[in-house]
Amino acid sequence: ITVALVVDTKGVSVNAVGGNITYSPDSVEIIDTSKTDSIINYWVQELQFSNASGTASFSGVILSPGFTGSAGNIITLSFKAKRAGKTNIDIADAQVLANDGSGTNILTDVVPGTLVVKDKQTQKLDINGNGKVDLSDASILIFHWGTGDTKSDLNGDGIVNLKDLSILVAKL
């Protein structure tokens, strides 16, 4: 699961960013980081993370004239799921500092991310791939009744039948 940390400067030139990322170490762990395409020129604090505590911290600067834009990539984190469920990725103590000679923090809001990790069974039951098991999936399964459609054949016995419908209905 790849998550990009980006900044929207809302038209203001910025020259420094920093913060502390938090995540649930019971649900996910960081397995890789990337500074490729980052707006940061110099890292004051290289990204440091602890999967034991579910934290990561960083700070860096952008040389003058700074960065102005709506999707400035700071860093990209790659997570590995440890279990199914929802987990939040948030940033505390975040700073986005203006290139104004005063270090004015222009940050107005932080939008946390939510990762939804599904177990393999739930992924298989989501026949139409819309992120949930619902009546649309049941409709697709019934449409393929009696065929060998591999997406609708939930138990893998080669035919879409009552057993597959029973498996799906148990999760509705």
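Overview of the sheet that holds strand β2 (residues 14-22)
Right, on to step 1. The sheet built from 5 strands is open, its strands ordered β4-β5-β2-β7-β8 with antiparallel pairing. A strand with exactly one partner marks an edge of an open sheet, and here the two such strands are β4 (42-50) and β8 (113-117). If you compare each strand with its neighbour and ignore which way they point, the axes differ by 15° on average.
Right, on to step 2. As judged from the 7 bridges shared by β2 and strand β5 (residues 55-61), these two strands associate in the antiparallel manner. Following the sheet pairing, Val-17 is matched in β5 by Gly-60.

As for helix α3 (residues 162-169)
Right, on to step 1. Listed as buried for α3 are Asp-164, Leu-165 and Leu-168. Seen along its axis, α3 keeps its buried residues to an arc of 100°; they face one direction. Residues of α3 that are exposed and point more than 90 degrees away from the buried face comprise Leu-162 and Lys-163.
Right, on to step 2. The N-cap residue of α3 is Asn-161: its side-chain oxygen and the backbone nitrogen of Lys-163 are 3.1 Å apart.

Some points on the pairing of β5
Right, on to step 1. The buried fraction of β5 amounts to 5 of the 7 residues, a majority that puts the element mostly inside the structure.
Right, on to step 2. Two elements, β4 and β5, share 6 bridges in a ladder whose sense is antiparallel. Of the residues in β5, the one forming a bridge with Phe-49 is Ala-56.
Right, on to step 3. The turn linking β4 back onto β5 is made up of 4 residues, and Gly-54 within it adopts a positive phi angle of 70°.

Notes on the pairing of strand β7 (residues 85-98)
Right, on to step 1. As defined by bridge partners, β2 adjoins β7 across 7 bridges and the pair is classed as antiparallel. By the bridge assignment for β7, Val-17 is matched with Val-96.
Right, on to step 2. Examined bridge by bridge, β7 and β8 share 5 bridges and lie antiparallel to one another. Bridging from a neighbouring strand, Gly-85 pairs with Val-117 of β8.

Focus on helix α2 (residues 135-143)
Right, on to step 1. By the burial criterion, the buried members of α2 are Asp-137, Ala-138 and Leu-141. The buried residues of α2 occupy an angular sector of 100° when the element is viewed end-on, so they sit on one face. The exposed set on the far side of α2, more than 90 degrees from its buried face, consists of Leu-135 and Phe-143.
Right, on to step 2. Taking the backbone nitrogen of Ser-136 as reference, a side-chain oxygen 3.2 Å away marks Asp-134 as the first, capping residue of α2.

A few points about the sheet that holds strand β3 (residues 28-34)
Right, on to step 1. Taking strand neighbours across the sheet as the criterion, the 3 strands line up as β1-β6-β3 in an open arrangement whose pairing is antiparallel. With one partner strand each, in any of the chains shown, β1 (2-7) and β3 form the two edges of the open sheet. Going from strand to strand, the sheet's axes swing by 30° on average, the running direction of each strand aside.
Right, on to step 2. Relative to strand β6 (residues 72-81), β1 runs antiparallel, the two sharing 6 bridges. Its bridge partner being in β6, Val-7 is matched across the sheet by Gly-72.

The rules behind each value
- Residues numbered from 1 in each chain as written.
- Predicted model: local features only at pLDDT ≥ 70, side-chain atom pairs only at ≥ 80, totals over all residues.
- Heavy atoms only, no water.
- Pairing = 2+ DSSP bridges.
- Helix = DSSP H or I, 4+ residues; strand = E, 2+ residues; numbered from the N terminus.
- Axes fitted to C-alpha atoms, helices over the stretch in contact; angles between N-to-C directions.
- Buried < 20%, exposed > 50% of the residue type's maximum accessible area, 1.4 Å probe, protein only.
- Arc of directions from axis to C-beta.
- Polar contact = N/O pair within 3.5 Å; in protein donor to acceptor, adjacent residues only side chain to side chain.

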